[in-house]
Amino acid sequence: MKISVSTWSLNNYGFERPEQLVDFAAENGIEAFDLTLDDYERYFPWRDKSVAEVEKHFSALGKYAAGKGVEIFQTHAPYALFPDYIGEKFLETTRKALIATRAAGAEYCVCHPLVFPLYGKRDLWKEELDYNLGFFARTDDLLETLNVTICLENIFDWDKGEIRKVFVSEILGLNEYLSRLDERRYGACLDTGHLHLFGGNVCDAAETLGKRLKVLHLHDNDGVKDRHVLPLMGTVDWRGFKATLQKIGYAGTLNLELKPLPYTAATHRFWLYAADLMRKTD
């Protein structure tokens, strides 16, 4: 499995051009990327560009990366909290993210399910499910044309400044969504840190998802805060995770989604260590 990094993790390195992301990866043993499209706008304001301009830009980036031996394996579409995803604008952004995904040479695009806030003390998971099915149905034509797969991620919500468990925080909830979607065009992104916040076991989660698991967001925490630190720096149980991935025939990358740190000699060594750690787990 290739060692991968979310480009969000490199936000504080002072890069001014996306090619610098690729050069850094090639020089530090990072073989693939999760292209975080929300933050990518610092390099190219793709949301405001025409489809032709988006295709041209991301195609050039994909070719540059391939020439350096770095694969853009997956992207991460922008996400929105209620009510920012209501209406046509966010749908248009999501569709354009899918176009960018294919242009860059990737097959998988990570999307957050859309979550409703609490009304009183009632979780609206059934209403959320219906809304999500309707929302993503409006991308199906594009998924078919582009041959792109949306990977829904296990996430949490916020309530009065605190993390809140929602239906898709658990793998059973995520599987419920996927069971109602076209499995040719939808899969799962397992976020290990998010799962750990609510007591989930990464091995059980991977085995439950099985063939639906297409991509990973790997990071650790203390089970209290979403810290996005390196595996083995928190309390996630990593024992057996590699064996479980092999057991289910996982074919994606080992993608690290770590909290952005400023560039220093120490953080440079940190990335060398991170890449080496992932290599040893393969």
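Small disclaimer: the values here were computed from a predicted structure and weren't measured. (Residues numbered from 1 in each chain as written. Predicted model: local features only at pLDDT ≥ 70, side-chain atom pairs only at ≥ 80, totals over all residues. Heavy atoms only, no water.)

Points about the overall build of the protein
Summing up its helical and strand segments, the protein has 11 helices and 10 strands in all. Here the protein has a C-alpha radius of gyration of 18 Å; the compact-globule value for 282 residues is 19 Å, and the two agree. Taken over the C-alpha atoms alone, the protein extends approximately 50 × 45 × 35 Å along its principal axes. Counting across all 282 residues of the protein, residues that qualify as buried make up 53%. Here the analysis covers contacts within the protein between residues at least 6 apart in sequence; of these, 76% occur between residues at least 24 apart. (Helix = DSSP H or I, 4+ residues; strand = E, 2+ residues; numbered from the N terminus. Rg over C-alpha atoms; globule rule 2.2 N^0.38 Å. Buried < 20%, exposed > 50% of the residue type's maximum accessible area, 1.4 Å probe, protein only. Contact = heavy atoms within 4.5 Å.)

Some details on the pairing of strand E8 (residues 186–191)
The buried fraction of E8 amounts to six of the six residues, a majority that puts the element mostly inside the structure. Both strand E5 (residues 149–153) and E8 contribute to a ladder of four bridges, which runs parallel. Residue Cys151 lies in a different strand from E8, and its bridge partner there is Gly187. Across four bridges, E8 lies against strand E9 (residues 213–217) in parallel orientation. Along E9, the bridge assignment pairs Asp191 with His217. (Pairing = 2+ DSSP bridges.)

Points about the environment of Cys109
Within the element layout of this structure, Cys109 appears in strand E4 (residues 108–111). According to the relative accessible area criterion, Cys109 is buried, its value standing at 0%. For the pair Cys109 and Leu35, spaced 74 residues apart in sequence, the C-alpha to C-alpha distance is 9.1 Å. In this structure Cys109 touches Thr75, Ala77, Leu98, Thr101, Val148, Thr149, Ile150 and Cys151, once residues within four positions along its chain are discounted.

What about unusual backbone geometry?
Here the residue pair Phe82 and Pro83 is connected by a cis peptide bond, since its omega of 5° sits within 30 degrees of zero. Relative to the assigned elements, Pro83 resides in the loop between strand E3 (71–76) and helix H4 (88–103). Positive phi outside glycine occurs at His228, with the angle close to 55°. With respect to the helices and strands, the residue His228 is situated in the loop between E9 and helix H10 (241–247).

Focus on the side chain of Asn255
Of note, Asn255 is situated in strand E10 (residues 254–256). Overall, the relative accessible area of 0% leaves Asn255 in the buried class. Apart from residues lying up to four places away in sequence, Asn255 is in contact with Ser4, Val5, Ser6, Asp34, Gln74, Leu216, His217 and Leu218.

Examining the state of the cysteines
Here, disulfide denotes a covalent bond that connects the sulfur atoms of two cysteines. Under the counting rule described, the total for this entry stands at zero disulfides. Unpaired in terms of disulfides, Cys109 finds its nearest cysteine sulfur in Cys111, a separation of 4.3 Å. (Disulfide = S-S within 2.5 Å.)

Digging into the sheet that holds strand E1 (residues 3–6)
The eight strands lie next to each other as E9-E8-E5-E4-E3-E2-E1-E10, forming an open sheet whose pairing is parallel. Edge strands, defined here as strands with exactly one partner in the open sheet, are E9 and E10. When strand polarity is set aside, the average angle formed by the axes of neighbouring strands in this sheet is 30°. As paired elements, E4 and E5 share four bridges and run parallel to each other. Among the inter-strand pairings, Val110 is bridged to a residue of E5, identified as Cys151. (Axes fitted to C-alpha atoms, helices over the stretch in contact; angles between N-to-C directions.)

Some remarks on the side chain of Gln74
Its place among the elements puts Gln74 in strand E3. In this structure the side chain of Gln74 is engaged in a polar contact, spanning 2.8 Å, whose partner is the side chain of Asp34. Every residue in contact with Gln74, bar those within four places of it in the chain, is listed here: Phe33, Asp34, Leu35, Ala106, Tyr108, Val110, Val215, Leu216, His217, Thr253 and Asn255. (Polar contact = N/O pair within 3.5 Å; in protein donor to acceptor, adjacent residues only side chain to side chain.)

As for the pairing of E1
Because side chains alternate across E1, one face comprises the buried residues Ile3 and Val5, and the other comprises Ser4 and Ser6, equally buried. Inspection of the sheet shows E1 paired to strand E2 (residues 32–36) by three bridges, in the parallel sense. Bridge pairing in E2 links Val5 to Phe33. As for the winding sense of the linkage, the β-α-β connection from E1 through helix H1 (residues 18–27) to E2 is right-handed. (Right-handed = clockwise from strand over helix to strand, strands pointing away.)

With respect to the pattern of salt bridges
Following the criterion strictly, the structure yields 18 salt bridges and no others. Residue Glu127 pairs with Arg122 through a salt bridge whose shortest N-O separation is 3.4 Å. The exposure class of Arg122 is partly exposed, given its relative accessible area of 48%. A cluster of three or more residues bridged by salt bridges with shared partners is formed by Glu144, Asp182, Arg184 and Arg185. (Salt bridge = Lys/Arg side-chain N within 4 Å of Asp/Glu carboxyl O.)

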